[in-house]
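Residue-level listing of the chains:
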Amino acid sequence: MGRYWHPFADMAAVEAAGELVVASGDGAYVVDESGRRYLDAAAGLWYCNVGHGRAELAEAAAEQIRRLAAYSTFGDIGVRPALALAERLAAIAPVPDSRVFLTSGGSDSVDTAVKLVRRYWQLLGRPDKTVVVSRRHAYHGMHVAGTSLSGIPVNRQGYGTLLGETVQVPWDSVSELAAVLDAVGPERVAAFFVEPVIGAGGVFPPPAGYLEGTEKVCRDRDVLLVVDEVITGYGRIGGSWFASHRFGLQPDVVTGAKGVTSGYLPLGTVLVGPRVAEPFWRSGTGQWRHGYTYSGHATACAVALANLDLVEAEGLLAAAARLESDLDRHLESLEQHPLVQEVRRGTGALAAVQLDPAALAADPGLPNQVVLALRHQGVLTRALATGALQISPSFVTTEADVRFLAEAIRAALDDVASTRG
Ligand SMILES: Cc1ncc(COP(=O)(O)O)c(C=O)c1O
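Residues numbered from 1 in each chain as written. Predicted model: local features only at pLDDT ≥ 70, side-chain atom pairs only at ≥ 80, totals over all residues. Heavy atoms only, no water.

A. Quick peek at the site of the ligand. Near the ligand the following residues occur: Gly105, Gly106, Ser107, Tyr139, His140, Gly141, Glu195, Asp228, Val230, Ile231 and Lys258. The contact in question runs from an oxygen atom of the ligand to an N or O atom on the backbone of Gly106, over 2.9 Å. In the environment of the ligand, an oxygen atom lies 2.6 Å from a nitrogen or oxygen atom belonging to the side chain of Ser107. Protein chains shield 83% of the accessible area of the ligand, which is 390 Å² for the free molecule. (Near = heavy atom within 4 Å. Polar contact = N/O pair within 3.5 Å; in protein donor to acceptor, adjacent residues only side chain to side chain. Areas by Shrake-Rupley, 256 points an atom, 1.4 Å probe, with all protein chains shown as cover.)

Here it is as structure tokens:
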């Protein structure tokens, strides 16, 4: 019996079927312990933007570890890689003059953002503005704050009372957001949290005008806008560093993680616009009693800097934009397959092959069957909450790889369809 407790796993099923042990990686591909090679269609978990096995990042980590692996940055102590990363991220942030708070991952960043927006209003003498609004299908990580904002009901169940003063709105309607804010009372609402493209909840690109419309609704009601770019940030949206750039948003807070290091080391980011930062940085406010042991971890920051260098030097923002059209072109015809409802795509290096709802209702095990059949075709990915296949390849994935991916998905669907009779 193994001892490793897998996240998001049915451990009895894992024990019964055994594990797939991924042993190495190279570019857009990974290899398991038995030597089988797979196209990594998920980039790990939406993070491995520069591809696997990059010696530049190994060297950046080794050099920093030899000098100083880490030192706490609480209070007035700094480490050079964290200070340099803050400057670098501020320079590419959607909002000029942003400040940079660092964490260990996306859930930390969301937790930090929830505390930040509530405390912001308290510092402004408006302690009743505490309600945080999120969308159906939303995924904001698995800390208690993110779980409380989750728009995926199964992710919230079984924990008793979660964080109070949270409200959900439909994922796609500006007017319903406005109506809910007005019903709750804008004087009670701290912030609206929005993923530019809903990711783990099923890859739902925003309806045309949605993000711009919600920003206006928030501005008109003095509600802060928190854009959760844990997936879309650092290039995955294609053509720009952040979805906020692509959609012309000026968020008050931007949460990030994943692509900032391409997952080589865990690191989360919170980019805080000057409006929200001001009362915290003002003389006389005093200490904000918030932070993590690994906030500003020197080696994680050194790797992030080297990763951003790679993205720039290799033109990977443009590569992600090219992948958007490759995915569009090559995955579209999967919509003709009887087991597929639709292929959601068109906003960055992100897509989802949504399995047919009637087939899912008849057999809830269908997504896992397709995932396993895909492994036999040499593609590694997973199923999302709606019963869709996650497609979020690394930016070094070529058009030939995408063609292979589409053929492999079709073959896997055919395999599964044939066993269903
Ligand atoms: C939009 C979004 N926010 C937050 C998180 C949580 O990040 P982490 O798993 O690094 O804690 C995720 C993870 O996928 C995410 O997609």
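Now that the structure has been shown, the text picks up again.
B. A look at the sheet that holds strand β10 (residues 268-272). As summarised here, the arrangement of the seven strands in space is β4-β10-β9-β8-β7-β5-β6, forming an open sheet in which the pairing is mixed. Of all the strands in the sheet, just β4 (99-103) and β6 (166-169) have a single pairing partner and so form its edges. In this sheet, adjacent strand axes meet at a mean angle of 20° when their direction is disregarded. Sheet topology places strand β9 (residues 253-256) next to β10; four bridges connect them, and they run antiparallel. Bridge pairing links Gly256 to Thr269 in β10. Lying on the sheet, helix α7 (residues 174-184) is in contact with β5 (131-135), β6 and β7 (189-194); it crosses β6 at an angle near 150°. (Pairing = 2+ DSSP bridges. Helix = DSSP H or I, 4+ residues; strand = E, 2+ residues; numbered from the N terminus. Axes fitted to C-alpha atoms, helices over the stretch in contact; angles between N-to-C directions. Contact = heavy atoms within 4.5 Å.)

C. Spatial organisation of the packing of aromatic side chains. Taken as a whole and judged by the stated rule, the model has five aromatic pairs. Taking 4.9 Å as the distance between ring centres and 75° as the angle between the ring planes, the aromatic pair formed by Tyr120 and Trp121 counts as edge-to-face. One exposure class covers both Tyr120 and Trp121, and it is buried. In textbook terms, an aromatic cluster arises when at least three aromatic residues are bridged by ring pairs, as seen for Phe101, Phe280 and Trp288. Here Arg37 stacks its cationic end above the ring of Tyr29, 4.2 Å away from the centre of that ring. Stacked on the ring of Trp121, the Lys or Arg Lys129 has its end atom at 4.4 Å from the ring centre. (Phe/Tyr/Trp six-rings, centres within 6.5 Å; stacked < 30°, edge-to-face > 60°. Buried < 20%, exposed > 50% of the residue type's maximum accessible area, 1.4 Å probe, protein only. Lys NZ or Arg CZ within 6 Å of the ring centre and 35° of its normal.)

Everything listed here is a matter of coordinates, which is why it stays silent on function.
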